[in-house]
Amino acid sequence: MRWRPWLWLAPALILLAVFLVWPVIRTIWISFHSGSIINPTREFVGLENYQELFTNDPAFIKYDLPPWSALFNSALWVGLFTLGVIAFGLLVGVLADKVKYEKTAKAIVFLPLVVSFTAASVVFRLVYSTDPNIGLINAMLGLIGFGPVAFLGEPNLVNFAIIGAGIWVWTALSMTILAASYKALPEETHEAAAVDGASEWQVFWRVSLPQMKGPIIVVAVTMIINALKAVDLVLIMTTGGPGFSSRIVGFTVYWEIFNNNAAGYGSAVAVVLLVMMAPLMWWQMRQIRAAEAR
Amino acid sequence: MAEIRMDDLTKIYDDGTLAVGEFTLTIEDGEFLVLVGPSGCGKSTVLRMIAGLEDITRGEMHIGDNLVNDVTPKDRDIAMVFQNYALYPHMTVRDNMAFGLKLRKTPKDEIRRRVAEAAGILEITDLLDRKPKALSGGQRQRVAMGRAIVREPAAFLMDEPLSNLDAKLRVQMRAELERIHNRLETTTVYVTHDQVEAMTLGDRVAVLRAVSPARPYNLQQVGPPHELFNDPQNLFVAGFIGSPAMNMIYARLEAEGEDVWVVFGDYRLKVDPRTLERHPGLENRTNEELVMGVRPTSMEASVIAGPDPDRTMRITAEVDENLGAEVFVHHTLNLRPVITPDVEELLADAGQTPESLGDTTEFVARISSDVDVTKGEQLDVVIDTRKLFFFDPKSGSRIGARSATAAAG
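Residues numbered from 1 in each chain as written. Chains lettered and ligands numbered in written order. Predicted model: local features only at pLDDT ≥ 70, side-chain atom pairs only at ≥ 80, totals over all residues.

Chemist: Whenever I open this one, the interface of chain B and chain A confuses me. Can you help?
Modeler: It is common to report an interface's size as the accessible area lost on association of the parts. Between chain B and chain A, the contact holds 17 residues from the first and 15 residues from the second. Secondary structure elements with two or more residues in the side of chain B that touches chain A: β6 (78-81) and α2 (93-103) of chain B. (Contact = placed C-beta atoms within 7 Å. Helix = DSSP H or I, 4+ residues; strand = E, 2+ residues; numbered from the N terminus.)

This is the structure in structure tokens:
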């Protein structure tokens, strides 16, 4: 019996089991029950929570227009937020590489990541304020004769406003990773492309960008996960409102369990979230393993 | 196909460093021109200015009939081979080669034809679907060549393309480059620090040297390889071209009736009239200290050459390097070594300092390997005094040299 390897693995396995595997199993188990987090007398309800979630909860999924509900909003986040973070990260990372005050520019863009998300959320609530004396954006709109616009009070705008704040916060990380990868590209391939007849734009699209595929995937997957599990920005800026038009899946988990005291129902949302993320994580693991094999 | 004309080209970097100065050179249509010199001599900068990767501070650059000073690299119709190959890692060999043609919207059939043809010339047809990381250094080198060839450009620019290959492969690729050039006859500018590469490849070779306050120009001499070897215009070119390097010795000339003798240490050799002819004005420089240059290849053991007491040096074989067909014999002359700015620069390039020479002069003779050389034994060596060189110790110029501008023309 080769027990020795297991002995060395045991501490890690035990930690994983206690803090990762057990909570997942427990969450799935709770999701089949009704009741609150502190109520010891839970009742087994089978798939009822899931049924409710997908057929009867307009805050989670809406089958009419406008579509603003947690599942739809999360999809919007995954698309817009991820694209935005990568696009701005690339833009700042690559442009900063071409100017003399590169370090200063990068430091400024990096700042939001140092600020706590709670603080950033509060700041953005002020930025979006309808009072032109407080709200930066409405102050600027006022200068050109518009507004004021209730960015956080208008169901058709609120998601884009919060996603904008999310992009502002996360661009810092994206820029750091993508700028480093851009800097590491061999300068000679850029020169070779220029001599081969490529414009600067073509050099970027056809030579630089494809070489940055790995880091871009890493940032994309990280941001998709961030988008799905986001809680803080929504909680502080709108608490999911107006109505429930800015709820997203991650926020819903928190809201159901801790605010509505519905542990079973919230756990069901968490399981849905897990199912959404699992293929993504599996794919990312494969990418990393493939990269290591090279 | 095009001629490349550079007039008084100057490159000053942002920090004020003068990298290239007063560079005037015309590369003829179809010519294979090599820019050679030690590191930091500006040769790569000149090449990058031709490519458009480096701005031109002053002067004019023409490719064909076009003034290209302000033309971007993509519109110069040149192809470049980089030292590290600079292949696009995310593209297959085929796409690497086709990239430039795709950007120019060449018809697909034409791209396929040209890639196939270039791959055939370079014998890389089997590799077309591989990515660069699956290729050896020599194969990458071929792909980089292929990428240049398919473009059918006005000129090829090559920046030390062979320096990352091992010695054997380098010799093989050198021959291949020559074959390709003979076939395509495209104007080629080739940068190297290896004078053997320069001599074997170039129709003409331009020797460059870092600028100095006293000498704000890089170009030392340009000409066919044999001209640089047999008619170097200064100590720098004389010392840089030729392997093993030319012996440099402090010597003085003495006139004796019709004859002129060169004297150094205990040695006295009769100077052939042809050496005097090659150095106009040399007869007026008797009894002053000059630098004498003599190539190891202008010598032979007296047992082979026949006795010639007026031109014989008796040396001690301290070290002998037997290369099979010939032997290089090292001897120490009890004379202070020749140290001039030219020599110091050459030493620095070889990683040496003037101090490392000590206070004696090393002397190398090449003799046939048919001669038995015993270490520590004495040996009589006959010097071909038709092929002596004399330089002014202050300026480093050959006595009677053509002016610098004439040499550059």
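Chemist: Just checking my understanding: could you explain the packing of helix α3 (residues 70-96) of chain A against helix α10 (residues 213-229) of chain A for this structure?
Modeler: Between two packed helices, both the angle of their axes relative to each other and the distance between the axes serve to describe the pair. Residues and elements named next belong to chain A. Two numbers describe how α3 lies on α10: the axes approach to 9 Å, and their chain directions differ by 140°. The angle between α3 and α10 places the two elements in the oblique class. Every pair of crossing elements has a handedness; the one defined by α3 and α10 is right-handed. For the pair α3 and α10, the contacting residues are Ser74, Trp77, Val78, Phe81, Thr82, Val85, Ile86 and Gly89 in the first and Ile216, Val219, Ala220, Met223, Ile224, Ala227 and Leu228 in the second. For the contact of α3 with α10, the residue count by class is 12 nonpolar, 3 polar and no charged. (Axes fitted to C-alpha atoms, helices over the stretch in contact; angles between N-to-C directions. Parallel < 35°, antiparallel > 145°, perpendicular 65-115°, else oblique. Left-handed = near helix turned anticlockwise from the far one by under 90°. Nonpolar A, V, L, I, M, F, W, Y, C, P; charged D, E, K, R; others polar.)

Chemist: What's the story with the environment of glycine 243 of chain A in this structure? I'm lost.
Modeler: Residue and element names in this part refer to chain A. Residue position: glycine 243 is located in the loop between α11 (232-237) and α12 (249-259). C-beta crowding within 10 Å serves as the criterion here: with 14 such atoms nearby, glycine 243 is assigned to the partly exposed category. Sequence spacing of glycine 243 and alanine 70 is 173 residues, and the spatial spacing of their C-alpha atoms is 12 Å. (Buried ≥ 20, exposed ≤ 12 C-beta atoms within 10 Å, placed from the backbone.)

Chemist: What should I look at first to understand the confidence of the model for chain B in this one?
Modeler: Parts of the model with low pLDDT should not have their predicted coordinates read in detail. Residue and element names in this part refer to chain B. The predicted model of chain B averages 91 in pLDDT, with 98% of residues at 70 or higher. Per-residue pLDDT stays below 50 along residues 404-409; that stretch engages in 7 contacts with residues further than four places along the chain or on separate chains. This prediction of the complex comes with two scores: 0.82 for pTM and 0.82 for ipTM. (pLDDT = per-residue confidence, 0-100.)

Chemist: Hey, could you run me through the nonpolar core in this one?
Modeler: As a rule of thumb, nonpolar side chains are buried together in soluble globular proteins. Residue and element names in this part refer to chain B. Core analysis: the biggest nonpolar cluster contains 117 residues, and Ile50, Met80, Leu157, Val189 and Val381 have the highest contact counts within it. If one sorts the elements of this core by residue count, helix α4 (residues 137-150) sits on top with 6 residues. Ignoring sequence-local partners within four residues, the contact set of isoleucine 50 consists of Ile4, Met61, Ile78, Leu157 and Val189. (Core = buried A, V, L, I, M, F, W, Y, C linked by C-beta atoms within 7 Å.)

Chemist: For this particular structure, what's the right way to read the pairing of strand β13 (residues 267-270) of chain B?
Modeler: Taken residue by residue, a regular strand's side chains alternate between the two faces of the sheet. Two elements, strand β12 (residues 259-264) of chain B and β13 of chain B, share 4 bridges in a ladder whose sense is antiparallel. Across the sheet, residue valine 262 of chain B finds its bridge partner in β13 of chain B, namely leucine 269 of chain B. (Pairing = 2+ DSSP bridges.)

Chemist: What's the story with the sheet that holds strand β21 (residues 389-391) of chain B in this structure? I'm lost.
Modeler: Strand pairing in a sheet takes place through backbone hydrogen bonds and is either antiparallel or parallel in direction. Residue and element names in this part refer to chain B. Spatially, 5 strands are ordered β13-β12-β11-β14-β21 in an open sheet, and the strand pairing comes out antiparallel. Every other strand in the sheet has two partners, leaving β13 and β21 as the edge strands with one partner each. Each adjacent strand pair in this sheet contributes to an overall mean axis angle of 40°, direction not counted.

Chemist: Would you mind showing me how to read the sheet that holds strand β8 (residues 187-192) of chain B here?
Modeler: Residue and element names in this part refer to chain B. Ordered in space as β6-β7-β8-β3-β9-β10, the 6 strands form an open sheet in which the pairing is mixed. The open sheet terminates on both sides in strands that have one partner only, identified here as β6 and β10 (219-223). The mean angle between the axes of side-by-side strands here comes to 15°, regardless of whether they run parallel or antiparallel. The sheet contact formed by strand β9 (residues 204-208) and β10 spans 4 bridges and is antiparallel. When the bridges of β10 are listed, valine 205 appears paired with glycine 223.

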